Protein chains: 4
Amino acid sequence: MISVALLGAGRIGALHGRNIVASRRARFAAIADAFPATADALGQELNVPVRGVDEILDDRSIQAVIICSPTDTHAELIERAAAAGKAVFCEKPVDLSAQRIRDCLQKVQASGATVMIGFNRRFDPHFAELQQRLHAGEIGDVELVTILSRDPAPPPVSYIERSGGLFRDMMIHDFDMARFLLGEEPLEVHAVGSALVDPAIGAAGDVDTAAVLLKTASGRICQISNSRRATYGYDQRIEVHGAKGMLRAQNLHSSAVEHADGSGFRSAPVMDFFLERYTPAYRRELDAFFDCIENGTEPNPSGEDGLRAQILADAATKSAQTGQAQRIDP
Amino acid sequence: MISVALLGAGRIGALHGRNIVASRRARFAAIADAFPATADALGQELNVPVRGVDEILDDRSIQAVIICSPTDTHAELIERAAAAGKAVFCEKPVDLSAQRIRDCLQKVQASGATVMIGFNRRFDPHFAELQQRLHAGEIGDVELVTILSRDPAPPPVSYIERSGGLFRDMMIHDFDMARFLLGEEPLEVHAVGSALVDPAIGAAGDVDTAAVLLKTASGRICQISNSRRATYGYDQRIEVHGAKGMLRAQNLHSSAVEHADGSGFRSAPVMDFFLERYTPAYRRELDAFFDCIENGTEPNPSGEDGLRAQILADAATKSAQTGQAQRIDP
Amino acid sequence: MISVALLGAGRIGALHGRNIVASRRARFAAIADAFPATADALGQELNVPVRGVDEILDDRSIQAVIICSPTDTHAELIERAAAAGKAVFCEKPVDLSAQRIRDCLQKVQASGATVMIGFNRRFDPHFAELQQRLHAGEIGDVELVTILSRDPAPPPVSYIERSGGLFRDMMIHDFDMARFLLGEEPLEVHAVGSALVDPAIGAAGDVDTAAVLLKTASGRICQISNSRRATYGYDQRIEVHGAKGMLRAQNLHSSAVEHADGSGFRSAPVMDFFLERYTPAYRRELDAFFDCIENGTEPNPSGEDGLRAQILADAATKSAQTGQAQRIDP
Amino acid sequence: MISVALLGAGRIGALHGRNIVASRRARFAAIADAFPATADALGQELNVPVRGVDEILDDRSIQAVIICSPTDTHAELIERAAAAGKAVFCEKPVDLSAQRIRDCLQKVQASGATVMIGFNRRFDPHFAELQQRLHAGEIGDVELVTILSRDPAPPPVSYIERSGGLFRDMMIHDFDMARFLLGEEPLEVHAVGSALVDPAIGAAGDVDTAAVLLKTASGRICQISNSRRATYGYDQRIEVHGAKGMLRAQNLHSSAVEHADGSGFRSAPVMDFFLERYTPAYRRELDAFFDCIENGTEPNPSGEDGLRAQILADAATKSAQTGQAQRIDP
């Protein structure tokens, strides 16, 4: 049994907390949150003691921490937990500054600690199957990857303002997925973005509709599109073209019932909430973290994966702002 | 070039007539119809001379006739045309009486004439592909065949009254398809039918919604369902289960455009008119008839196929009326 | 918290047992099984005490029992549990003899006890949605219902021999579904069956491939087909045609990944194990039982529903054996 | 009856020629081709006289010409035919030089002649339906357009060398479609391209796999991807996201037959030849040209549409070569 503590008990922290309880591999040792009421509510629901961060890090019986606190606390908590000898799982992003991430990873590397970053989509059973079949050569060399992500509805503008912008907050998942599928680092980034869903998002200096082109050294191409709005559910699709064929992961619909009449055929929207859509992904992600701890294997996605995605997000942000393509230093 | 005459210039006759004109294998020699105005209209449209039936049958330069006249004239015209040495293509059914069909086929057999019956669905590219893959053993031995046919809307009651009833008028196509796919003769027939679409059809002694079960000597099973109404287009589906897998032919939709919003995904109805749905089938059917004439091969479907389908339709009619299963004499 | 005991700890008992543990509405009081090792294994897994049936029935703190013992013990356990004042959930079927079921229900009715029968498919979210939309009039009056159920592979012949035959063991679910959807009692039953999958099933006097036609008083028609084999997964489909349109529930596939190359498009088989396919259905079923206990509502499906399905299964068995349609006494 | 001549009797010329013959609105007056054998072959097949270009342009009884000659002759033939008072339909592109197109259109405008450009995809029934529903406001304001075109296999390198490159030869259709759907002019063009299918294409200075981002003045975004290879048929898809929903046109498959077994479900490739895929589009395109002539309406797509698409193709070519985004002068 791995002894685990949770740092941050908000929406995503509560999700991971419930998965820790459901897992047969872990003992849920403690919950911490800067807001005592938040920590207490989850502690009571899951019957887990609430403790302070310092106390948790000092407790040598606790082997691992799961960091779900606000983004601006991630890098420091990773450093402190690694220094305290804990295995670390941290929600994306490590930080909004690539330089800060580099510094953090350097310190962590010195400590030899396990650090895994929460790009949950790699663990979605459908996307994981697609990537494995791709990796097994089922469609030959990758030529063109298309990733589409659309949220059901935009977050509040107050969230947008602190988010780092769409490319760092939302498309970061797609940059990680692009790297996961391309099998090569993108070196050229083109981005365009617009505030079409809500002018207030534009007024806050961000975009809500965006598309990106990536190109790797060997010439592989990736298209990504994002929108903060999808009227028909949480749209999550991948399509990969290779030399010998195509692999794609279609959306998951919320019902298998179909209706037909003179106006045609009607079927259900796609699952519309990310916690529901990615329920199995979050469980498999936690299992992968536990595998690293038990088997001493390399975490995947690693801190380096977190850094690489952030660099692409920074480049895309700059490209969309300047109207010019950006080069990535390999 | 095969010299062809058309006997009967109504809706289905006009269809065959236009296909004769479009074919590069035939010379369209003459059109006859009991209603001179009907014959003249088609003759003018297609630039083909209108002549009498006797004259056509006496003309030794005419090699083949296509019979599209009313059902009660079919058997006699087949006999006369065969006696005159013509190759004969006759629209289904040969006659509403199985005994009359037997007599007709006996006379025709004596003459050695080519007689092909117009079960157009065997020539639909999708159904033909399915049958060929079945025949090639792609799913092993056939176990269960399901055939579904739904017309967009019922015909006038005046038509129903002279039609011989749903099983002989509409399901006859499905009985032929069942035999085409089962590869064995059905020996047991169960049928139920109801007038649910239009009470006037019930008042006329017929049904508009019906289902049938067939069982062959080796135990293969076929389900057929029919309705005189399909709100979403002309529904035509086949599904065959075999020892090693399943083959099915899905409907053809009238458009590839799909719409999605909060109410879900919407796509187009299926093609809703049999002449449109089976356009390629009618062309391929005519080609198959020309192949028989040019190559001397056996017509398929043959007059015997017409008789067998009629016997099944008679049995189903009786089963639905009596509530009892019927045996077919093998 | 409802205090619940489990009678029978085999495969289906273990499933219900795990769902009791996961439910926040119940306290899992005891497990009983004629085989002590079976009871102990589940008791240890779920941390629930193993007790004898008599002891459980005598314990007045236990409010409800879930009966998952062998079929030939169902009726007596229902009677005893009802007499002891317990609410009863019993897996299908109540008994293989309709007369025995009638006797049982009569006794139970006298006791006033809650008795719910385990037709799990009514609680499948897709089928339940379909039925609710049907009931709400979305496609008008029901005209034709088609139900298709195919198991991935046949059970051992030893199981077949004690099963009561395909119509009572497997199609019983579809008879219940037919009644659920038709909204009327079937009065006419036609059945055909064959042993095509495994001759040993035929030698044991049973069939493995079967189809049924049902007709109600108002003329509604239902088609059912069953096979003990589906090469592409556990096939579970429903299609209902009404006066104003069609509603159907499609299969659930085991993956959303699709592959395409020169041979065409390939997608995953359908989910192939009933416990996986119906995981949410079993949870919702248990919740419905708890609702009856907490709210005093009528159980649905009731013991009467169990009897009605059994009568249809008996009639279908006789029809398949005699080759004759059977009438149901309304 | 409109009197029409065909200038250029190659593959696409023959296609238009056969459609002229099939049309009831036109009289096919003459065929010209620089290669007499090519002209003669088509003339004999269609029973149309072969004549010289000068003779055709001088013949005042000929109202319209359809230009299907090599690209480098288009602009001059358009100018000469317009000067001779003919209505002109010219296959895309008008010329590989935008400046040459501007000059040509200026001369033509002076003459007042009807000039329509052959962007056939606007007339595909599915794409036309999509655009009409978009235009009718079915999904609100357009936000993101995705266009995907993949040819079954690359043309010979000898063709590639004279083609102007993928963006001008192949993606030109998609640039026109983008403008057709966006309802605004793109002002910013990002392109990436690679030679992944065939290194010989790269050696010839061209790419075979490419993707483009377009952005309009109001911020609408368009993604286009092209490949010279699609293993599973001629891939032609459009997806448009708007403020209120999504509209897309799916591929057309070559068969409606589906197979299932333990390896999953298999369906047919998509139609794999552009002449087959766009058969109805070419017929409707010709009808639209005849409508312009008969009703005096503005041709659509016009010469201006040809110029605009060419400017986008030029910008994309430069962007892919330089790695920098390009601005379009509005």
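Residues numbered from 1 in each chain as written. Chains lettered and ligands numbered in written order. Predicted model: local features only at pLDDT ≥ 70, side-chain atom pairs only at ≥ 80, totals over all residues. Heavy atoms only, no water.

- Under an unreviewed UniProt entry, the name given to chain A is Inositol 2-dehydrogenase, and the organism recorded is Endosaccharibacter trunci.

Here's the deal with the overall build of chain A
Okay, so step 1: Looking only at helices and strands, one finds 13 helices and 14 strands in chain A.
Okay, so step 2: In summary, chain A has a C-alpha radius of gyration of 20 Å against a globular reference of 20 Å for 330 residues, a match within 12%.
Okay, so step 3: When its C-alpha atoms are laid out on the principal axes, chain A stretches across 60 × 50 × 45 Å.
Okay, so step 4: Each of the 330 residues in chain A was classed as buried or not, and the buried ones make up 62%.
Okay, so step 5: Put simply, chain A shows about 12300 Å² of open surface, and 49% of that area lies on carbon and sulfur atoms. (Helix = DSSP H or I, 4+ residues; strand = E, 2+ residues; numbered from the N terminus. Rg over C-alpha atoms; globule rule 2.2 N^0.38 Å. Buried < 20%, exposed > 50% of the residue type's maximum accessible area, 1.4 Å probe, protein only. Areas by Shrake-Rupley, 256 points an atom, 1.4 Å probe, with all protein chains shown as cover.)

Let's talk about the sheet that holds strand S5 (residues 115-118) of chain B
Residues and elements named next belong to chain B.
Okay, so step 1: What the five strands build is an open sheet, ordered S2-S1-S3-S4-S5; its pairing is parallel. Among the strands making up the open sheet, the edge pair consists of strand S2 (26-32) and S5. Taking each pair of neighbouring strands and ignoring which way they run, the sheet shows an average axis angle of 20 degrees.
Okay, so step 2: With four bridges joining them, strand S1 (residues 2-7) and strand S3 (residues 64-67) adopt parallel strand pairing. Bridge pairing in S3 links Leu7 to Ile67.
Okay, so step 3: Packed on one face of the sheet, helix H12 (residues 279-295) meets S1, S2, S3, strand S4 (87-91) and S5 and runs near 160 degrees to S4. (Pairing = 2+ DSSP bridges. Axes fitted to C-alpha atoms, helices over the stretch in contact; angles between N-to-C directions. Contact = heavy atoms within 4.5 Å.)

Structural notes on the UniProt feature "domain: Gfo/Idh/MocA-like oxidoreductase N-terminal" (unreviewed entry) in chain A
Okay, so step 1: Here the UniProt feature "domain: Gfo/Idh/MocA-like oxidoreductase N-terminal" (unreviewed entry) sits at residues 2-119 of chain A.
Okay, so step 2: Secondary structure within residues 2-119 of chain A divides into 47% helix and 22% strand; the distance between the first and last C-alpha atoms comes to 22 Å. (UniProt positions renumbered as here; feature names shortened; annotations may be inferred.)

With respect to the pattern of salt bridges
Residue and element names in this part refer to chain A.
Okay, so step 1: Under the definition given, this model contains 108 salt bridges over all chains.
Okay, so step 2: For Arg133, the salt bridge is made with Glu129, and the minimal N-O distance between the two is 2.7 Å. One end of the pair is Arg133 and the other is Glu129, both in helix H6 (residues 125-135) and four residues apart, which spans about a single turn.
Okay, so step 3: Via salt bridges that share partners, Arg122, Asp176, Arg179, Glu185 and Asp305 belong to a single interconnected network. (Salt bridge = Lys/Arg side-chain N within 4 Å of Asp/Glu carboxyl O.)

Quick notes on the interface of chain D and chain A
Okay, so step 1: At the junction of the two partners, chain D supplies 43 residues and chain A supplies 44 residues.
Okay, so step 2: Carbon and sulfur atoms supply 52% of the area that chain D and chain A bury against each other, a total of about 3300 Å² over both sides.
Okay, so step 3: The salt bridge partner of Glu143(A) is Arg229(D), with a shortest N-O separation of 2.3 Å.
Okay, so step 4: For the interface between chain D and chain A, the tally reads 17 residue pairs in polar contact (both at pLDDT 80 or more).
Okay, so step 5: Every element with two or more residues in the side of chain D that touches chain A is listed here: strand S6 (142-150), strand S7 (186-194), strand S8 (209-216), strand S9 (221-227), strand S10 (235-242), strand S11 (245-249) and helix H13 (303-322) of chain D. (Buried area = accessible area lost by both parts, 1.4 Å probe. Polar contact = N/O pair within 3.5 Å; in protein donor to acceptor, adjacent residues only side chain to side chain.)

Thoughts on the relation of the copies chain B and chain D
Okay, so step 1: Rotating chain B by 180 degrees and translating it 0.0 Å along the rotation axis places it on chain D, where the RMSD comes to 0.0 Å. Taken together, the rotation and translation describe the operation of a two-fold axis.
Okay, so step 2: Same-surface contact between copies: 96% of interface residues of chain B are shared with the interface of chain D. (Least-squares fit on C-alpha atoms with pLDDT ≥ 70 in both.)

Here we look at unusual backbone geometry
Okay, so step 1: That bond from Asn300(C) to Pro301(C) is cis: its omega, 10 degrees, falls within 30 degrees of zero.
Okay, so step 2: Structurally, the position occupied by Pro301(C) is in the loop between helix H12 (279-295) and helix H13 (303-322).

Some thoughts on the interface of chain B and chain D
Okay, so step 1: Contacts between the two partners involve 25 residues from chain B and, on the opposite side, 25 residues from chain D.
Okay, so step 2: Between chain B and chain D, a total of about 1900 Å² is buried, with carbon and sulfur atoms accounting for 48% of that surface.
Okay, so step 3: Contact with chain D buries area across many residues of chain B, yet Ala256(B), Val257(B) and Glu258(B) alone supply 30% of it, more than any other trio.
Okay, so step 4: Taken together, the connections running from chain B to chain D amount to two salt bridges.

As for the packing of helix H9 (residues 172-182) of chain A against helix H13 (residues 303-322) of chain A
Residues and elements named next belong to chain A.
Okay, so step 1: In contact at an axis separation of 9 Å, H9 and H13 are set at 120 degrees when each is read in the N-to-C sense. For the crossing formed where H9 meets H13, the hand is right-handed. Here Ile172, Phe175, Asp176 and Arg179 of H9 lie close against H13, whose contacting residues are Asp305, Arg308, Ala309, Gln310, Leu312, Ala313 and Ala316.
Okay, so step 2: Each residue belonging to the contact of H9 with H13 can be placed in one class, and the counts come to six nonpolar, one polar and four charged. (Left-handed = near helix turned anticlockwise from the far one by under 90°. Nonpolar A, V, L, I, M, F, W, Y, C, P; charged D, E, K, R; others polar.)

With respect to the relation of the copies chain D and chain A
Okay, so step 1: Expressed as a screw operation, the relation of chain D to chain A combines 0.0 Å of axial shift with a rotation of 180 degrees, fitting to an RMSD of 0.0 Å.
Okay, so step 2: Counting the interface residues of chain D, we find that 100% of their copies in chain A are interface residues as well, pointing to one common contact surface.

Comments concerning the sheet that holds strand S1 (residues 2-7) of chain D
Residues and elements named next belong to chain D.
Okay, so step 1: Strand order in the open sheet formed by five strands is S2-S1-S3-S4-S5, and the pairing between neighbours is parallel. What marks the edges here is a single partner per strand, and that holds for strand S2 (26-32) and strand S5 (115-118). Between one strand axis and the next, the sheet turns by 20 degrees as a mean value, whatever way the strands run.
Okay, so step 2: As defined by bridge partners, S1 adjoins S2 across six bridges and the pair is classed as parallel. Looking at the pairing, Leu7 lines up with Ala32 of S2.
Okay, so step 3: Packed on one face of the sheet, helix H4 (residues 71-83) meets S1, strand S3 (64-67), strand S4 (87-91) and S5 and runs near 170 degrees to S4.

Description of the packing of aromatic side chains
Okay, so step 1: Here the structure, examined in full by the defined rule, presents 20 aromatic pairs over all chains.
Okay, so step 2: Pairing Phe265(A) with Tyr232(B) gives two aromatic rings, centres 5.4 Å apart and planes at 65 degrees, and the pair type is edge-to-face. Highlighted residues: Phe265(A) in strand S13 (residues 264-267) and Tyr232(B) in the loop between strand S9 (221-227) and strand S10 (235-242), drawn from two different chains. Tyr232(B) carries the same exposure label as Phe265(A), and that label is buried.
Okay, so step 3: An angle of 35 degrees between the planes, with centres 6.2 Å apart, marks the rings of Phe289(C) and Phe290(C) as tilted.
Okay, so step 4: Following the ring pairs from residue to residue traces out a cluster consisting of Phe89(A), Phe289(A) and Phe290(A).
Okay, so step 5: Cation over ring: Arg277(A) sits above Phe127(A), and NZ or CZ is 5.4 Å from the ring centre. (Phe/Tyr/Trp six-rings, centres within 6.5 Å; stacked < 30°, edge-to-face > 60°. Lys NZ or Arg CZ within 6 Å of the ring centre and 35° of its normal.)

Overview of the domain arrangement of chain A
The accessible area lost on association of the parts is a frequent measure of interface size.
Residue and element names in this part refer to chain A.
Okay, so step 1: Taken domain by domain, chain A consists of domain 1 (2-113) and domain 2 (122-281 + 308-327).
Okay, so step 2: Tallying the contact residues gives ten residues for domain 1 and 13 residues for domain 2.
Okay, so step 3: Of the roughly 840 Å² buried between domain 1 and domain 2, counting both surfaces, carbon and sulfur atoms make up 65%.
Okay, so step 4: When residues of domain 1 are sorted by the area they lose upon contact with domain 2, Arg11, Lys92 and Leu96 head the list and together hold 59% of the total.
Okay, so step 5: Along the contact surface separating domain 1 from domain 2 lie zero salt bridges.
Okay, so step 6: Where domain 1 packs against domain 2, one counts three residue pairs in polar contact (both at pLDDT 80 or more).
Okay, so step 7: For the side of domain 1 that touches domain 2, the elements supplying multiple residues, two or more each, are helix H1 (11-22) and helix H5 (98-111). (Domains from an automatic or database assignment.)

Overview of the pairing of S4(B)
Side chains on a regular strand alternate between the two faces of the sheet.
Residue and element names in this part refer to chain B.
Okay, so step 1: In terms of residue burial, S4 counts as a mostly covered element, since five of its five residues are buried.
Okay, so step 2: With burial as the criterion, each face of S4 is covered, one bearing Ala87, Phe89 and Glu91 and the other bearing Val88 and Cys90.
Okay, so step 3: Bridge analysis of S3 against S4 gives four bridges, and the strand direction is parallel. In the sheet register, Ala64 faces S4, and the bridge partner there is Ala87.
Okay, so step 4: Between S3 and its parallel partner S4, the chain crosses via helix H4 (residues 71-83), and the hand of that crossover is right-handed.
Okay, so step 5: Relative to S5, S4 is paired through four bridges, and the arrangement is parallel. Opposite Val88, over in S5, you have Val115 as the bridge partner. (Right-handed = clockwise from strand over helix to strand, strands pointing away.)

A closer look at the side chain of Asp305(B)
All names here are of chain B.
Okay, so step 1: The residue Asp305 is located in helix H13 (residues 303-322) in this model.
Okay, so step 2: At 2.8 Å, the side chain of Asp305 forms a polar contact with the backbone nitrogen of Ser302.
Okay, so step 3: Non-local contacts of Asp305, meaning those with residues more than four positions away in its chain, are made with Phe119, Arg122, Asp176, Arg179 and Asn300.

Some words on H12(B)
Okay, so step 1: Taken together, the buried positions of H12(B) are Ala281(B), Tyr282(B), Glu285(B), Leu286(B), Ala288(B), Phe289(B), Phe290(B) and Cys292(B).
Okay, so step 2: Downstream of H12(B) by one or two residues, Gly296(B) has phi in the positive range, about 70 degrees.

Examining the state of the cysteines
Okay, so step 1: Counting across every chain of the model gives zero disulfides over all chains.
Okay, so step 2: In this structure Cys222(D) is not part of a disulfide, and its nearest cysteine sulfur, from Cys222(A), lies 17 Å away.
Okay, so step 3: Residue classification places Cys222(D) among the buried positions, given a relative accessible area of 0%. (Disulfide = S-S within 2.5 Å.)

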